[in-house]
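So you can see what is in the structure, the chains are spelled out below.
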Amino acid sequence: MLSLWLAACYRRWVEPLMGARNDRPPYEPNDLVAGKYAIRKILGEGGMAVVYGAVDTTCDRHVAIKILRPSVAARRGLSSAHVQREAATVVKLHERTPHVVEVLTAGITEDAHRLPYYVMERLYGTSLRTGIEEKRALAQPFEIIEVASTVTEIAMPLAHAHQMGIVHRDVKPENVF
C-alpha cells in the first residue's frame, strides 16, 4: 500500500519538476531581456529557473538574471507585483547581512513569454559544491576551522531569513558561494 502511495506522490510532485528541466526559457546569447539585459550565457539551472550571465547595456555592468521556467511560471501564475514583493524581501534580507546576493530589480519579461525574473549582482568564484569536489579529488579533509566558518556564514543569513518569516527551501552546496 505504501509503495502505491509513494508512486502516486512521485508522479504528482517529482516527475513534473524533473520534466521542467527540459523547459528552458527561450533566451540565447545576445537576446535582450527587459529591454536592457543582454544575455551572454547560462550560469546554472535548477528545477524552477535558469540563471543567465548578462550585461546591463545601460551601464555595461555584468549581472546574473534568474528567469523562471515557463512551466513553473504558468503553474504558479505569478504576477509582476508578486515577483516584486519577493524581490523586496530579498533586498531587505541583503540589507541585514552581506551573505545574501544583492537583488537589483525584478519583474516580468516584456516579450510574449511573460516570465518572472530577478536581476542580481554577478558573483564570481566557485560554489561550495565545487570546493567540496576539489577537496575530495585531492583526498584532502576539511579543517575544523573551515567547516565552522562555512557553517556560520551559511547559518547567519538563514537565521535572519527565519526571523523575517522566510524559509529558503533550497539550501545546498550548489547555492552557496
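Here, every reference points to the structure presented above.
Below or above, wherever it landed, is the structure these notes cover. Note that the coordinates shown come from a computational prediction; the quantities given were computed from them, not determined experimentally.

### Quick look at the overall build of the chain
Across its full length, the chain carries five helices and six strands. Order of helices (α) and strands (β) in the chain, N terminus to C terminus: α-β-β-β-β-α-α-β-β-α-α. The buried share of the chain, reckoned over its 177 residues, is 26%. Taking all contacts inside the chain whose residues are at least 6 apart in sequence as the whole, residues at least 24 apart take part in 50%.

### Thoughts on the sheet that holds strand β6 (residues 116-121)
Across a sheet, paired strands are connected by hydrogen bonds in the backbone, their directions being either parallel or antiparallel. Ordered in space as β1-β2-β3-β4-β6-β5, the six strands form an open sheet in which the pairing is antiparallel. Both outer strands of the open sheet, β1 (32-33) and β5 (103-108), are each paired with one neighbouring strand and no more.

### Digging into the packing of aromatic side chains
Tallying each qualifying case throughout the model produces one aromatic pair. A centroid spacing of 6.3 Å and a plane angle of 80° characterise the contact between Y27 and Y52, whose relative ring orientation is edge-to-face. Taken together, the positions of Y27 in the loop between α1 (2-20) and β1 and Y52 in strand β3 (residues 49-56) put the pair 25 residues apart, joining distant regions of the chain. Judged by its relative accessible area of 1%, Y52 falls in the buried class.

### Points about a nonpolar patch on the surface
On the surface, a nonpolar cluster with roughly 500 Å² of combined accessible area is contributed by F142, I144, I145, V147 and V151. Structurally, the position occupied by V147 is in helix α5 (residues 144-163).

### Here's the deal with the pairing of β6
Burial analysis of β6 places five of its six residues in the buried class, which makes it a mostly covered element. In the sheet, strand β4 (residues 61-68) pairs with β6 via five bridges, with the strands oriented antiparallel. Note that in β6 the partner of V63 across the bridge is E121.

### Looking at the pattern of salt bridges
A side chain of one charge can pair with a side chain of the opposite charge when the charged atoms of the two come close. Scanning the model with the defined rule gives seven salt bridges in all. We note a salt bridge from R24 to E45, for which the minimum N-O separation is 2.4 Å. With R24 in the loop between α1 and β1 and E45 in strand β2 (residues 37-45), this residue pair connects regions lying 21 residues apart in the sequence. For R24, a relative accessible area of 42% puts it in the partly exposed group. Sharing partners across several salt bridges, the network here consists of R129, E133, R136 and E174.

### A few points about the nonpolar core
Y27, V33, Y37, I65 and I67 are the most contacted members of the largest nonpolar core, which totals 17 residues. Among all residues touching Y37, those that are not within four sequence positions of it are D31, L32, A54, V55, D56, V63, I65, T105 and V119. Counting residues in each nonpolar core, the second largest holds eight residues, with A87, V103, A106 and M120 among its members.

### With respect to the environment of D60
Relative to the elements of secondary structure, D60 occurs in the loop between β3 and β4. Residue D60 is classed as exposed on the basis of its relative accessible area, which comes to 59%. Sequence separation between D60 and A38 is 22 residues; the distance between their C-alpha atoms is 9.8 Å.

### Brief notes about the side chain of S127
When you line up the elements, S127 lands in the loop between β6 and α4 (128-137). Excluding its chain neighbours within four sequence positions, the residues that come into contact with S127 are P173, E174, V176 and F177.

### Quick word on the environment of A161
Tracing the backbone shows A161 in helix α5. Beyond its immediate sequence surroundings of up to four residues, A161 is in contact with L93 and I166.

### Focus: the side chain of T97
Along the chain, T97 falls in the loop between α3 (80-96) and β5. Those residues in contact with T97, other than ones at most four positions away along the chain, are P157 and H160.

Cut-off values and rules
Residues numbered from 1 in each chain as written. Predicted model: local features only at pLDDT ≥ 70, side-chain atom pairs only at ≥ 80, totals over all residues. Heavy atoms only, no water. Helix = DSSP H or I, 4+ residues; strand = E, 2+ residues; numbered from the N terminus. Buried < 20%, exposed > 50% of the residue type's maximum accessible area, 1.4 Å probe, protein only. Contact = heavy atoms within 4.5 Å. Pairing = 2+ DSSP bridges. Phe/Tyr/Trp six-rings, centres within 6.5 Å; stacked < 30°, edge-to-face > 60°. Patch = residues over 30% accessible without salt bridge, like charges linked within 9 Å, V, L, I, M, F, W, Y side chains within 5 Å. Areas by Shrake-Rupley, 256 points an atom, 1.4 Å probe, with all protein chains shown as cover. Salt bridge = Lys/Arg side-chain N within 4 Å of Asp/Glu carboxyl O. Core = buried A, V, L, I, M, F, W, Y, C linked by side-chain atoms within 4.5 Å.

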